[in-house]
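Now for the letters of each chain:
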Amino acid sequence: MKHLNFVPKMRTLRQRMTEHVVSVGDESSEDEAQIMWEEQQIKKAVKISQETYDDASLHKSQPAKSKFDPPVSLPPVNLEIVKKRLTERITSLQDIHHAHQREYEKYMEDIENSKMTVQELEKSSDAALNYKFYRAMKTYVENLINCLNEKLKYINELELAAHVLLQQRAMTVLKRRQDELKNESAYIQHLTSGNDKQTNGGLEDKTQLLEMCEQRRTCRRQVRECSGEADHHEGMSSDDELTPTEVNEFQKSKDNVLEDSRKVFEDVHADFCDIRKILLKFQEWKEKFPDSYREAYISFCLPKLLNPLIRLQLINWNPLENFTELEEMPWFRAIEEFSDAKNIPESKKDDDPDGEVLPKVIEKTILPKITAFVKSVWDPLSTSQTKNLVQLCNNIFEKQVLSKNECSRGKEELMDMIVLRMKKSIEEDVFVPLYPKSTVEDKSSLCSKFQERRFWSAVKLFSNVVLFDGIIQEDTVRDLGLSKLLNRYLLLNLLNTPLGPDYIEKCNKVVACLPERWFRDLKSGSTLPELLNFCQHLLQRACMLHKNNHSDETREILLLLVKVKALHIVEDFIEEYELEHLKSMIGK
């Protein structure tokens, strides 16, 4: 069997060359055919190259329209112009280089920021957990605010009720003391004047009041004798005792207020009324997400947020009676622990906003409460209350930094209120009567006793006012103590006091109240301007004592002048009376 060829087979190149050569004419060998084919291909190639060359020559040979521009005058070119253009070119290239450099640096910074962002994102917790925390914190804060807003009305009412109780008690004592002062003064005036116009009923009422006052005075005297208190004079007591009925009523009302205060948050979970637990919530936020904590200004919100809870804890707080260090209070310790940045480096502790939480709480919550006590409860004639107030102010202003801001509005209001209250006490509570010498020579007479009590009461207020030296401005304290009390009341009584041990004791007590700091920087030998009248009075009494040959009393008066730095007066006195043996006291 054979295959039928329906289509002629593909011929090779050599076969086609051979057929072509055969069709032209003479058959030759395969070598000759190969040579002939190559020659034909070469001729074709030469022909195509010649045609291309001819076309190019023809194109070039066509006449072109030549344009001749008129001659132009070119600017002269010299070395300076070339140098200037090269310089401008270099400057332009440098500017471009700098722009590219800045752009490159920006790109590199963006790359670094992107790398850091990537690292933070890789290290951060899962976004779902972050969202869950923020959502829970938002819900907690909203519930906390709603809870405090609901309880705030009750807290305000209880705080006001407790304050009104203290205010009423203070007003009762103050009014009774002022009424007794008026009645006693009128009673003595009636007896000394011999005026019979006073009705028997009115005189009997005043007599009963004075007898009650004398009974309280006797009880206090007995207590002092039992306690061994020697440095005391009649009139230096505050006379603030209440009757048993008044004490029971006050204590009962106070217990009711305290009982109601314990019920305010009895239906509230501890997470919403315990200061320590509330601060732990925000501390967790700060530790996990410090940036968002700072951006939310939580440190500025916490003092206001904690204000109702702190005020509720201070319902039973009366710093004028029972002084308690702020550091011992639970709310203080909780905030102090929260503000103590243990996990923050020392270099960044000053920038920690939580360090301002405690000073802001004291400034916004504690100082206004103390100011209210000073305005309505504080009795400047009470030494115990005044010492407690001074100790509290020193504790706040010296130990506790109120704020980085030097200007504290709360502190200024407290100082202004203290000064205002002392001025009022000087105007209303100080009364030193003057009686004829014949009336007061008898120390057992009513006039003499009353005058002595009023003098020592003024001395007591004088000593209480001076206790605020270092807290209130020195000029203000000197004006209240020296100008308004010593020169106006005490000195007038000293002028009418006969020479003797009582006079020396009074002068010693007045000088002992003066702070040594006032005389520390006096180097000219002159005393304070407010003490000039007092020193002149002492000088006159020293002269009288010396003329009467009372050398010991004279020496005591001169020592008082030395203590108040009236050295010129002492020197002149020693020189005038030739008391050379007393010069040694000047150097003390």
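Below you will find a few notes about this structure. (Residues numbered from 1 in each chain as written. Predicted model: local features only at pLDDT ≥ 70, side-chain atom pairs only at ≥ 80, totals over all residues. Heavy atoms only, no water.)

The packing of two helices is summarised by the inter-axis angle and the distance between the axes. One way to put it is that helix α4 (residues 127-193) packs onto helix α7 (residues 275-288) with a least axis distance of 12 Å and a crossing angle of 150°. One finds that α4 runs roughly antiparallel with respect to α7. Regarding α4 and α7, the two cross each other, and that crossing is left-handed. Note on element contacts: α7 touches α4 through Ile278, Lys281, Phe282, Glu284, Trp285 and Lys288, opposite Phe133, Tyr134, Met137, Tyr140, Val141 and Leu144. (Axes fitted to C-alpha atoms, helices over the stretch in contact; angles between N-to-C directions. Helix = DSSP H or I, 4+ residues; strand = E, 2+ residues; numbered from the N terminus. Parallel < 35°, antiparallel > 145°, perpendicular 65-115°, else oblique. Left-handed = near helix turned anticlockwise from the far one by under 90°. Contact = heavy atoms within 4.5 Å.)

A separate point is the pattern of salt bridges. A complete count under the given rule lists 22 salt bridges for this structure. With its nearest N and O atoms 2.9 Å apart, the salt bridge here joins Glu159 to Arg311. Of this pair, Glu159 sits in helix α4 while Arg311 is found in helix α9 (residues 298-313), placing the two residues 152 residues apart along the sequence. Arg311 sits in the buried class, given a relative accessible area of 12%. With a closest N to O distance of 2.7 Å, Asp354 and Lys286 form a salt bridge. Of this pair, Asp354 sits in the loop between α11 (346-349) and α12 (357-376) while Lys286 sits in helix α7, and the two are 68 residues apart along the sequence. For the pair shown, Asp354 and Lys286 are each scored as buried. One network of salt bridges, with partners in common, ties together Asp469, Glu474, Arg478, Arg517 and Glu530. (Salt bridge = Lys/Arg side-chain N within 4 Å of Asp/Glu carboxyl O. Buried < 20%, exposed > 50% of the residue type's maximum accessible area, 1.4 Å probe, protein only.)

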